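# Analysis of the macromolecular model
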Amino acid sequence: MTDGTAALPMSDGTDTDNAASSRADATVGTPRTGDAAARAARAAIRSPGRRHADKHWSDRCLPVAGVAVGGALLFGPFQGLLSDLSTPVPPAPPVTAVGGVALAVAALAGLIRVAAVAGPVLLTPADARWLLMSPMPRRAVLGPAALRVAVAAVICGVLLGGLVLSLLGIPDHGALRLAAAVLCGGSYTLTGVGLAALAQRSERSAARLRRVAVGTAVLALLTGATLAAAGVAVRPLLVVPLPAVLVTAGAGALCALVTAVLVWRSLATFPAPAVLDAATRLSAAGDAVVALEPSFLSRVAENAYWRERRPPSRPWPAWPGPLVLAWSDWRGLRRRPARLALLALSTLVPVLLATVWPDRPLLFAAAVFVLGLAAASAGAGGVRRETGSPALRRLFGVGDLSADAARLVLPALLAAAWLAAALGLLESAGALPGEGWVWLGPAAAGVPAVAALRMARRGHIDHASTPVVMPMLGSRVPIGWLTWCLSGLDVAVPGLLPLLLALSGTSAAPGPVAAAQAALSVLVLAGYLWRRHR
């Protein structure tokens, strides 16, 4: 007792303190398994101070009713789908089918790459700090996270399998072929994500898996673009017999099962540093989302890239100040050769989209617009760093008209080269009628360059701005977030309007469009420089 008095004995010879502790132990109870301990610990972390209450039968009634209602709503469309599978579906043209398969393989490789970078075995920061280093069994702590990743991988794989089946056609046995396609997509995606989880234990293995995934994506995109450029020279695809499809699906299911067993066995001795690093990356992404600050995530990735490397030091050239600032942008891009290779590879995406979906020109027009802006933004890294560091900008002390003009050169060259390559591939594949689409790239290069610099200079979101009240909706729109999102797009969309209209409408005369686009680019460049130094 804390007050110094002796505890009164009870009738069975035990004192009141021991009886109280015994009743508390009996009330709380000690979980018998590691899974129960992990669930109890998570419940205590997420709802501290609350007592655990047993679920009543009414608590389980709502999920069951929801599943029943959802099944009743989906029964009609599913029955219609099964009836449609009884009729044969002709395959897509050979070029379209091959391009779609190439895109599906590249998407699968990209998914594995993302899983290898982020870490499939991923815990929330709270669970990583409190449960991972606790005496609880590690498999019980990491099991739910691995299960969530497996479910997400299967869903993505099912979508990819359905896409491939829609392109290859359904000659016969529609239900069996649909089931085999769904099983193939889900199982092979689950196998790839499982390999990423096994490679997460070692940084060397993760690096090898990332290189393999990138190589697979590059090979798939190059193959699809080459066949798309060949056009009618591609032979018709042979119909895959049903036994071969079933054998492929069975092999994928076996691979997924073996990989899942290996991952489950490895969770018992999974290294904690790998999970902690993945939780740190998740925390940075969560902070960027919750704080509505996407630039924070890009700065974290940029700092992590340079933290692992030691670039050689070079003296500053004895040039005028504007040229030195522009030289720093060129030097920074030269030290990122992977970024240049990725930009060169991305020129194949519009032609593949135009090959797979030739009746949707808005799709590859949007790809040209977005990837062209990304190519120009690759040359504005120095401007982005100076915007985030006012001291660095004051240290340079150069802000005249010639400095802005010099820094526009690299983004304009990157945008011109990317647009010319992408439009040339679209023209060679027959997606664009006529000749001379390549000249639209240099004609439109000034607009993405100006948009890239505006996007680089937008900095942090002004969360202290006054929100605008929408009287029709009764809600408030934050001006800071809206201004940040529209900075750059307010120049790119109207400035590239001739190019976008020509791509979406597939104009047969690119000459007048190129002239109009060049004139509009000159106006945008002149207006940007005048506004910066008026």
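Scroll up a little and you will see the structure.
Residues numbered from 1 in each chain as written. Predicted model: local features only at pLDDT ≥ 70, side-chain atom pairs only at ≥ 80, totals over all residues. Heavy atoms only, no water.

### Details of the packing of helix α4 (residues 94–118) against helix α14 (residues 348–356)
Running from N to C, α4 and α14 point in directions that differ by 130°, and their axes come no closer than 8 Å. The angle between α4 and α14 places the two elements in the oblique class. Crossing of α4 over α14 shows left-handed handedness. Along its contact with α4, which presents Val-95, Thr-96, Gly-99, Gly-100 and Leu-103, the element α14 presents Leu-352, Leu-353, Thr-355 and Val-356. Among the residues making up the contact of α4 with α14, the classes are represented as five nonpolar, four polar and no charged. (Axes fitted to C-alpha atoms, helices over the stretch in contact; angles between N-to-C directions. Helix = DSSP H or I, 4+ residues; strand = E, 2+ residues; numbered from the N terminus. Parallel < 35°, antiparallel > 145°, perpendicular 65-115°, else oblique. Left-handed = near helix turned anticlockwise from the far one by under 90°. Contact = heavy atoms within 4.5 Å. Nonpolar A, V, L, I, M, F, W, Y, C, P; charged D, E, K, R; others polar.)

### Describing the environment of Leu-165
Tracing the backbone shows Leu-165 in helix α6 (residues 138–168). Since its relative accessible area comes to 11%, Leu-165 is described here as buried. C-alpha of Leu-165 to C-alpha of Ala-180: the two residues are 15 residues apart in sequence and 9.5 Å apart in space. Excluding residues within four positions of it along the chain, Leu-165 makes contact with Ile-170, Arg-177, Leu-178 and Ala-181. (Buried < 20%, exposed > 50% of the residue type's maximum accessible area, 1.4 Å probe, protein only.)

### Quick word on a nonpolar patch on the surface
Taken together, the side chains of Leu-254, Leu-257, Val-258, Val-261 and Leu-262 present a nonpolar region at the surface, about 450 Å² in accessible area. Within the secondary structure, Val-258 is located in helix α9 (residues 242–266). (Patch = residues over 30% accessible without salt bridge, like charges linked within 9 Å, V, L, I, M, F, W, Y side chains within 5 Å. Areas by Shrake-Rupley, 256 points an atom, 1.4 Å probe, with all protein chains shown as cover. Salt bridge = Lys/Arg side-chain N within 4 Å of Asp/Glu carboxyl O.)

### What about the pattern of salt bridges?
In a structure, side chains of opposite charge can pair up when their charged atoms sit close to one another. Within this structure, the stated rule accounts for four salt bridges. The closest approach of N and O atoms between Arg-457 and Asp-404, which form a salt bridge, is 3.2 Å. Of the two residues, Arg-457 is situated in the loop between α21 (446–456) and β1 (468–470) and Asp-404 in helix α18 (residues 401–407); the sequence distance between them amounts to 53 residues.

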